[in-house]
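# Architecture at a glance
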Amino acid sequence: MANLSERTHPPSPASPLLDRLNEAQREAVEAADGPVLVLAGAGTGKTRVLTVRLAHILATRRAAPGQILAVTFTNKAAREMSGRVSSLIGRPTEGLWLGTFHAVGARILRRHAELVGLRSNYTIIDTDDQIRLMRQVIEANGIDEKRWPARVLTAIVSRWKDKGWTPDRVPAEEAGDFAHGKGVGLYRDYQERLGELNAADFGDLLLLCLRLFLARPDVLADYHRRFRYILVDEYQDTNVAQYLWLRLLAQGSGNICCVGDDDQSIYGWRGAEVGNILRFEDDFPGAKVVRLERNYRSTPHILGAASGLIAHNRGRLGKTLWTEAAGDAMGDPVRIESAWDEAEEARTVGEAIEDRQRHGDSLDGMAVLVRAGYQTRAFEERLIAIGVPYRVIGGLRFYERQEIRDACAYFRLIRQGDDDLAFQRIVNTPRRGLGDKSIQTLYAIARGRGQSLLSASAEVVATDELPPRRRAALRGFVEAIARWRAEASRLPPSELAEIVLDESGYTAMWLADKSVQAPGRLENLKELARAMAEFETLEDFLDHVSLVMDTETGADDDMVNVMTLHGAKGLEFDTVFLPGWEEGVFPNQMALDDHGAAGLEEERRLAYVGLTRAKKRATVLHAANRTVHGQWLSNVPSRFVDELPEEHVERAAAAGDGFARDDAALWRTAMNRPGYGGRQGNYHRAIEARVQRFGDGEEVFTPVGEGRSTPEVGSRVFHQKFGYGSIRGVDGSKLDIAFDKAGRKKVMADFVEPA
DNA sequence: CGTATATATCTTTTT
DNA sequence: GATATATACG
């Protein structure tokens with residue numbers, strides 16, 4: 001492997017790797033040793049610097065692949081880096097420690113699980129299982145889960161973990177008012193349960209690493225010797241736990257290079273601290289700071305629009321992006337289009353896409369970037385209607401599909417019998433006659449004996465604690481798991497999967513299901529088995545599924561890309577469509593409510609990220625009306641639209657969005673006045689205000705299900721299922737109705753409409 | 001126990 | 001409008 005003594009030799013001066021770099025980029029690449037911070041504006045060749053730097057370290061024999069740690073934020077970025085490095089060095093990047101923070105953390109943890117109270121076959125649980133487990137903990141504490149929802153506490157605990165706080169480290173004043181201050185205790189119980197299940201959640205993958213490094217300096221020293229060079233992508237998005245993790249690891253060689261852009265920090269809601277980037281020089285004394293300001297991606301018009309927008313933010317490090325082109329090469333101004341509703345918005349985009357196609361543009365080079373997942377729907381419908389192929393990136397991840405989670409629960413339980421969450425998921429899927437009652441009994445027995453559900457089951461089948469029929473069903477299940485576990489040791493994962501899915505009756509369950517989704521689910525299960533063929537062990541596969549695998553739909557085909565703005569970070573397209581630039585949608589109302597001015601700035605950075613994805617053309621759109629949760633809302637154009645400098649934009653002829661521009665401005669003032677502030681509830685009030693404003697009069701705006709006329713005893717109503725009837729009593733939002741055909745029922749007022 | 005119907009909640013963004 | 005959970009009934 002690499003001869004370390006070569007580090008003392010000067011690197012070969014004329015490496016062809018450096019040829020295509022500008023001066024600043026080269027500086028960032030060549031400063032291999034010591035701490036380096038690269039402040040890289042959008043489109044300035046950030047990824048190039050990172051990949052060339054990595055290749056350069058290898059080419060100059062400073063380190064062997066196994067001595068380099070490269071962490072990214074997303075799997076997409078990791079794949080991208082891996083691909084580009086291997087094409088630079090002309091061979092696969094074997095041995096490199098390259099992956100997301102979480103994937104690398106999981107890998108480290110597998111090797112030392114015993115030192116932090118886990119076994120090396122521990123299970124990584126996802127958000128859904130986190131919430132399930134938290135719900136059980138909350139209920140076990142006699143707290144009403146409806147008043148204090150598990151999903152809320154799970155989110156709070158995740159933020160605590162982002163900050164590196166274990167239960168004993170949560171500051172008293174941060175303990176919060178969840179269940180009257182019981183949050184921290186619940187957090188502690190939750191961790192205890194995780195330990196019993198031999199499981200870790202996403203946050204633990206970092207937190208337990210920290211605990212490991214602090215408790216075992218010898219282990220840390222080992223990694224210090226191992227990692228001679230550390231590279232970090234998207235440094236502005238690291239949270240405190242990740243920052244501490246990096247700092248501990250970097251103490252060894254001191255060779256750490258972080259690349260980031262404070263203007264693209266868009267994960268504050270997930271605990272990211274822009275402060276990390278601002279503090280870099282304090283944390284790593286003598287750090288070299290390199291700024292990349294020359295943009296190679298976008299036309300002057302696009303760059304001008306984006307720069308003008310982001311200039312509205314305070315508290316930036318401040319960069320001035322520039323590009324060489326000018327004059328005729330200004331490109332097209334950013335186009336702004338108004339639409340009546342989301343359908344028209346989608347139609348406008350669809351037509352523009354077809355227009356570009358006629359100009360010979362590839363679909364791959366076009367993207368629709370939305371603020372939130374639900375917005376993709378209108379575009380999907382439209383693109384299907386006009387027959388334009390598209391892919392939705394990052395919508396529902398592969399692992400989040402029901403059938404995949406079920407299948408994986410089987411594998412999890414086979415590998416690791418303490419995984420009660422997996423047990424509960426599949427013990428009665430497909431139906432085996434083990435319903436809620438049986439599971440409750442079983443759960444009580446298991447908890448009483450301090451056992452996992454599976455091992456308790458193995459014993460219970462020999463007793464009369466369950467009625468005979470249930471006992472037999474449970475025995476069948478327990479024996480099957482034991483059988484599969486025996487097979488797991490001698491069969492490759494994909495063959496095991498076939499056996500398990502077949503013998504369990506899981507495949508048969510979907511074959512018998514005649515819903516429209518069933519064939520798709522079976523197809524996904526096949527896809528799962530195919531994917532498994534690439535793995536040697538069940539363990540590797542399950543890690544891959546929960547940490548890496550996402551829906552990679554036909555990367556080779558020429559398709560329009562539809563994705564969220566968050567998902568688009570790090571990508572670029574010739575033509576970018578940015579729909580939904582409306583107050584409340586973008587900037588998102590919840591972001592404003594929960595985080596005020598800081599939330600607004602993060603939204604603006606998101607808008608900046610969106611615009612700077614475009615190389616040649618960008619179109620911003622806003623609709624006057626939109627359905628959210630099946631309810632019509634009227635929206636005013638986003639303030640971001642007005643913040644785009646006039647000289648870089650071009651407004652499409654007014655399509656009649658129903659808004660005078662000063663009307664829009666008036667609206668924003670009204671919605672942002674102090675009395676309107678506050679925390680929760682503002683969102684709904686804002687929505688109500690918007691509904692009311694246009695709710696009367698014009699029929700288009702009449703909100704569905706929003707009874708203009710209050711229900712009165714005696715009035716006639718219509719119900720989707722029960723048909724016509726008359727109201728006999730009103731109790732708040734509940735109505736007592738005598739239906740003509742269905743008889744007397746209590747129904748929520750939302751479910752009926754005036755007849 | 002399973003099924004069908006009724007209601008609640010969801011939609012911010014991801015590992 | 002879609003999906004998870006709650007409830008009633010068979």
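Residues numbered from 1 in each chain as written. Chains lettered and ligands numbered in written order. Predicted model: local features only at pLDDT ≥ 70, side-chain atom pairs only at ≥ 80, totals over all residues. Heavy atoms only, no water.

This part takes up the packing of helix α19 (residues 453–460) against helix α20 (residues 468–488). Two elements in contact, α19 and α20, have axes separated by 9 Å at closest approach and are oriented at 120°. Between α19 and α20, the interaxial angle falls into the category oblique. In this structure, the crossing between α19 and α20 has a hand that is left-handed. The segment α19 lies against α20, with Leu454, Ser457, Ala458 and Val460 engaging Arg471, Leu474, Val478, Ile481 and Arg485. Taken together, the residues of the contact of α19 with α20 sort by class into 6 nonpolar, 1 polar and 2 charged. (Axes fitted to C-alpha atoms, helices over the stretch in contact; angles between N-to-C directions. Helix = DSSP H or I, 4+ residues; strand = E, 2+ residues; numbered from the N terminus. Parallel < 35°, antiparallel > 145°, perpendicular 65-115°, else oblique. Left-handed = near helix turned anticlockwise from the far one by under 90°. Contact = heavy atoms within 4.5 Å. Nonpolar A, V, L, I, M, F, W, Y, C, P; charged D, E, K, R; others polar.)

A few words now on the pattern of salt bridges. In a structure, side chains of opposite charge can pair up when their charged atoms sit close to one another. Under the counting rule described, the total for this entry stands at 54 salt bridges. Glu27 serves as the salt-bridge partner of Lys288, at 3.2 Å between the closest nitrogen and oxygen. Taken together, the positions of Lys288 in strand β8 (residues 288–292) and Glu27 in helix α1 (residues 23–30) put the pair 261 residues apart, joining distant regions of the chain. Relative accessible area serves as the criterion here: at 36%, Glu27 is assigned to the partly exposed category. If you follow the salt bridges from partner to partner, you end up with Asp126, Asp128, Asp129, Arg132, Arg405, Arg412 and Asp419 in one network. (Salt bridge = Lys/Arg side-chain N within 4 Å of Asp/Glu carboxyl O. Buried < 20%, exposed > 50% of the residue type's maximum accessible area, 1.4 Å probe, protein only.)

So, about unusual backbone geometry. Note the cis peptide between Thr429 and Pro430, where omega equals -5°. Residue placement: Pro430 occurs in the loop between α17 (420–426) and α18 (436–449). In the segment running from Phe586 into Pro587, the intervening peptide bond is cis, with an omega of 10°. Its location among the elements puts Pro587 in the loop between β13 (573–578) and α26 (589–612). For Arg61, which is not a glycine, the phi torsion comes out positive at approximately 60°. For Arg61, the location among the structural elements is in the loop between α2 (46–59) and β2 (68–72).

The subject of this paragraph is empty space enclosed by the protein. All chains considered together, the criterion is met by 1 cavity of 30 Å³ or more. By volume, the largest cavity amounts to about 70 Å³. The set of elements that each furnish at least two residues to the lining of the largest cavity consists of β4 (123–124), α16 (402–415) and α24 (538–547). Per-element tally for the lining of the largest cavity: the top contributor is α24, with 4 residues. For the lining of the largest cavity, the class distribution of residues is 4 nonpolar, 2 polar and 4 charged. (1 Å grid on protein atoms, 1.4 Å probe; cavity = no way out; pocket = protein on both sides within 12 Å on 5 of 7 lines; lining within 4 Å. Points joined across faces, edges and corners; volume = space filled by probe spheres on them.)

Overall, parallel pairing links the 6 strands, which are arranged β3-β2-β6-β7-β1-β8 in an open sheet. The two strands at the open ends of the sheet, each matched to only one other strand, are β3 (97–100) and β8. Ignoring strand direction, the axes of neighbouring strands in this sheet form an average angle of 15°. As judged from the 4 bridges shared by strand β1 (residues 36–40) and strand β7 (residues 256–260), these two strands associate in the parallel manner. (Pairing = 2+ DSSP bridges.)

In terms of nonpolar packing, the biggest core is built from 110 residues, with Phe213, Trp245, Trp581 and Leu611 touching the most fellow members. Of the residues forming this core, the biggest block, 8 residues, is contributed by helix α8 (residues 202–215). Residues in contact with Leu611, not counting those within four places in the same chain, are Ile302, Ala305, Ala306, Leu309, Val334, Leu578, Trp581, Ala618, Val620 and Leu644. If you look at the next biggest cluster of nonpolar residues, it comprises 50 residues, including Phe411, Leu454, Val460 and Val461. (Core = buried A, V, L, I, M, F, W, Y, C linked by side-chain atoms within 4.5 Å.)

The next subject is the pairing of strand β16 (residues 631–634). Where strand β15 (residues 625–628) lies against β16, 4 bridges are found, and the strand directions are antiparallel. Bridged to Val628 within β16 is Gln631. The hairpin turn running from β15 into β16, its antiparallel successor, is 2 residues long, and His629 in that turn takes a positive phi close to 55°.

In this structure, Thr575 sits in strand β13. For Thr575, a relative accessible area of 3% puts it in the buried group. One polar contact links Thr575 to Arg617, side chain to side chain, over a distance of 3.2 Å. In contact with Thr575, other than residues within four places in its own chain, are Arg356, Asp361, Gly365, Met366, Ala367 and Arg617. (Polar contact = N/O pair within 3.5 Å; in protein donor to acceptor, adjacent residues only side chain to side chain.)

This next bit is on the environment of His566. The residue His566 is located in helix α25 (residues 565–568) in this model. Put simply, His566 and Asp420 are 146 residues apart on the chain and 34 Å apart in space, counted from C-alpha to C-alpha. Polar side-chain contacts of His566 include one of 3.5 Å to the side chain of Trp269.

Glancing now at the pairing of strand β12 (residues 560–564). Counting buried positions along β12 yields 4 of 5 residues, so the element is predominantly enclosed. Taken together, the 4 bridges between strand β10 (residues 366–370) and β12 define a ladder with parallel strand orientation. Paired with Val368 across the strands is Val562, a residue of β12. Bridging between strand β11 (residues 390–392) and β12 involves 3 bridges; their strand directions are parallel.

Attention now moves to the packing of aromatic side chains. Two numbers describe a pair of aromatic rings. These are the distance of the centres and the angle of the planes. Under the criterion given, the structure shown has 19 aromatic pairs. Between Phe535 and Phe541 the ring centres are 5.6 Å apart and the planes differ by 70°, which places this aromatic pair in the edge-to-face class. Take Phe535 and Phe541: they sit in the same class, and that class is buried. Ring-pair connections join several aromatic residues into one group, and the members of that group are Trp97, Phe213, Tyr223 and Phe227. Against the face of Trp97 rests Arg107, its NZ or CZ located 3.6 Å from the ring centre. (Phe/Tyr/Trp six-rings, centres within 6.5 Å; stacked < 30°, edge-to-face > 60°. Lys NZ or Arg CZ within 6 Å of the ring centre and 35° of its normal.)

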